[in-house]
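Single-letter residue listing:
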Amino acid sequence: MSTSVVEGTGDRPSDLPRHQKAVITISPMRRRHLRSVLTIEQQVYPRPWSERLFEEELDRSGRLYLVARVESTVVGYCGLLMIADDGHVATVAVDPAWQGRGVATRMLAELVAGALEMGANQLTLEVRVSNIVAQRVYRRFGFAPAGARKAYYADNGEDALVMWAHEVGGEDYRRRLAELVGSFDPPTVRQGFSVELPVSSTHPAAQR
Ligand SMILES: CC(C)(COP(=O)(O)OP(=O)(O)OC[C@H]1O[C@@H](n2cnc3c(N)ncnc32)[C@H](O)[C@@H]1OP(=O)(O)O)[C@@H](O)C(=O)NCCC(=O)NCCS
């Protein structure tokens, strides 16, 4: 669905001169991606989802799962489910070798735009209270803390911070999202599906 650029060319980013930029392609997650998705999943989550769970999610309605690739290599993925007009961000993960290069921000921009197309008026998620990097990414999309779930994570008993972004169906939010997407250099190019943002960042109305 979308292509944006970070440093690197598709090999491990650490092997590449920092001035080189790799094209990131964002597209719907398919079963053929699951082997790579699971490799990342097992590196970044203490209680990784199984292949079966991903397959079931891909078969369900009201879901949007995306992968980010550099050439043919999956470098990250994310997923969302709709419950009424609430979009629940179910997962966001980036290959540790590609973290800190804006991959999650670019994926979330597409995920959120997709949620708006699916009729979301609010977005929500749970995140570990200690996961400051993820919270920082979510704040960029208007998520704010709205409470906690005590001992939510079974592996270490950590609390979850519950975050919400409200009124995401409104013009203000769409305009801010379009501005963020428009700030990616070079612009995002989507593959495999289209997401409409009503006001592009180059539209005069977005520059007030
Ligand atoms: C959370 C996660 C998805 C972020 O992915 P990412 O691609 O690194 O995120 P981005 O690069 O878009 O943005 C991260 C921000 O934090 C900064 N950042 C990234 N890694 C960092 C680190 N190790 N230390 C400090 N800051 C860091 C980035 O610079 C960026 O901020 P900036 O845009 O203001 O510079 C990734 O760290 C991850 O997969 N973590 C493990 C799984 C996880 O925790 N998922 C969320 C569950 S709710």
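In what follows, the structure referred to is the one given above.
Here we summarise the structure given alongside this text. In this text the structure is predicted, and so the values were computed from the model without any measurement.

Notably, E71 is not glycine yet its phi reads approximately 50 degrees, a positive angle. In this fold, E71 is placed in the loop between β3 (63–70) and β4 (73–83). Using a count of 13 C-beta atoms within 10 Å as the deciding quantity, one classes E71 as partly exposed.

Residue placement: D95 occurs in the loop between β5 (86–94) and α3 (103–117). The class of D95 is buried, set by 21 C-beta atoms lying within 10 Å. Among all residues touching D95, those that are not within four sequence positions of it are I40, V75 and G76.

With that out of the way, let us pick up the packing of α3 against helix α5 (residues 171–183). Two numbers describe a pair of packed helices, the interaxial angle and the distance between the axes. For the pair α3 and α5, interaxial distance at closest approach is 10 Å and the crossing angle is 150 degrees. Taken together, the axes of α3 and α5 are roughly antiparallel relative to one another. For the pair α3 and α5, the crossing hand works out as left-handed. Between α3 and α5, the contacting residues are A109, V112, A113 and L116 on the first element and R174, L177, L180 and V181 on the second. Among the residues making up the contact of α3 with α5, the classes are represented as seven nonpolar, no polar and one charged.

This brings us to the site of the ligand. Not every one of the 17 residues close to the ligand is listed here, only the nearest: Q99, G100, A104, T105 and A134. When contributions to the shell around the ligand are tallied by element, the ones reaching two or more residues are β5, α3 and α4 (132–140). At four residues, the largest contribution of residues to the shell around the ligand is made by α4. A breakdown of the residues in the shell around the ligand according to their chemical character gives ten nonpolar, five polar and two charged.

With that settled, the discussion passes to the environment of H166. Inspection of the secondary structure puts H166 in the loop between β8 (160–165) and α5. The exposure class of H166 is partly exposed, given the 15 C-beta atoms found within 10 Å. Counting along the chain gives 24 residues from H166 to G142, while the straight-line C-alpha distance between them is 7.8 Å.

Moving on to the pairing of β8. Of the two faces of β8, only the one carrying L161, M163 and A165 is buried; A160, V162 and W164 on the other face are not. As paired elements, strand β6 (residues 122–128) and β8 share six bridges and run antiparallel to each other. By the bridge assignment, V127 is partnered in β8 with L161.

Helix length check: α3 (15 residues) gives 21 Å between terminal C-alpha atoms against 21 Å at 1.5 Å per residue, within 8%. Of all the 15 residues making up α3, 13 are buried; the element is thus mostly covered by neighbouring parts of the structure. Immediately beyond the C-terminal end of α3, within one or two residues, lies G119, with a positive phi of roughly 95 degrees.

What counts, and at which threshold
- Residues numbered from 1 in each chain as written.
- Predicted model: local features only at pLDDT ≥ 70, side-chain atom pairs only at ≥ 80, totals over all residues.
- Helix = DSSP H or I, 4+ residues; strand = E, 2+ residues; numbered from the N terminus.
- Buried ≥ 20, exposed ≤ 12 C-beta atoms within 10 Å, placed from the backbone.
- Contact = placed C-beta atoms within 7 Å.
- Axes fitted to C-alpha atoms, helices over the stretch in contact; angles between N-to-C directions.
- Parallel < 35°, antiparallel > 145°, perpendicular 65-115°, else oblique.
- Left-handed = near helix turned anticlockwise from the far one by under 90°.
- Nonpolar A, V, L, I, M, F, W, Y, C, P; charged D, E, K, R; others polar.
- Near = placed C-beta within 6 Å.
- Pairing = 2+ DSSP bridges.
- Expected span 1.5 Å × (residues − 1).

As far as function goes, none of this settles anything; it's purely spatial.
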